[in-house]
Amino acid sequence: MNANVALIGSGNAFFMDEGIGLYAGKYLKENFTYEPALDIIDGGTLGFGLMPLLQEYEVVIIANTSSDDSQAVGTVTVLSGEELIANQGIKKTANEVEITEMLQICSMANHCASTTMISIVPEDIISVCVDVTPAVRAHWERYIDVIVEELTKCGITVTQKSDVMSLDEILEQFANPSIEHGKGF
């Protein structure tokens, strides 16, 4: 642990839009600097495996999808851990189920990070493809902006680097992991 704040990119890169939280984490890691330090973690589909992180950090921001059929595709929402627990969260994917249940369990522990979930409503979480649908891609910049806004609220200064890696380059790295690029983050 290098920082008091962690950003966890969560999701499954093999199921189209469900990987958007992972892509956001990688995008933010590659394209920005942070002061004070921010730990950016590839949460994948770890679900309950993320529980120790909620006990180590003071603040945890989770980037993920929210398969909320009552919202338009591309809608970005910000919910506190308390709101997720109270509303029982959206539980259409295994990842969504585990994150909500993990928060419920951790809320009873001696220490649980102040947690925020930043989600985007996906269009397709079924097709097996490392990609993002055009409908979600159209909201990509807004999704990143909301995450940056939330980091700023945590007292972190976020500065964009001059050389920016595109979403397509990030998708390429997830689709074709290599020793050069590493796996995930």
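Details of the structure are given in the entry above.
Let me sum up the structure you'll find in this document. This structure is a prediction, so every number in the text was calculated from the model and none was measured.

**Thoughts on the pattern of salt bridges**
For step 1, the next point in the chain: Taken as a whole, this structure holds 5 salt bridges when the rule is applied.
For step 2, the next point in the chain: The partner of Asp131 in a salt bridge is Arg137, with the nearest N and O atoms 3.3 Å apart.
For step 3, the next point in the chain: Residue Asp131 is classed as partly exposed on the basis of its relative accessible area, which comes to 27%.
For step 4, the next point in the chain: Put simply, Lys153 and Glu150 hold a salt bridge, and the shortest N to O gap is 3.7 Å. Taken together, the residues Lys153 and Glu150, both in helix 6 (residues 140-153) and 3 residues apart, mark about one turn of the helix.
For step 5, the next point in the chain: What you see here is one network of salt bridges that share partners, running through Asp131, Arg137 and Asp168.

**Observations regarding helix 7 (residues 167-175)**
For step 1, the next point in the chain: Turning to helix 7, its buried residues are Leu167, Ile170, Leu171, Gln173 and Phe174. An end-on view of helix 7 places all buried positions within 160° of arc, on one side of the element.
For step 2, the next point in the chain: Residues of helix 7 that are buried sit in contact with helix 1 (20-31), helix 5 (134-137) and helix 6.

The rules behind the values
Residues numbered from 1 in each chain as written. Predicted model: local features only at pLDDT ≥ 70, side-chain atom pairs only at ≥ 80, totals over all residues. Heavy atoms only, no water. Salt bridge = Lys/Arg side-chain N within 4 Å of Asp/Glu carboxyl O. Buried < 20%, exposed > 50% of the residue type's maximum accessible area, 1.4 Å probe, protein only. Helix = DSSP H or I, 4+ residues; strand = E, 2+ residues; numbered from the N terminus. Arc of directions from axis to C-beta. Contact = heavy atoms within 4.5 Å.

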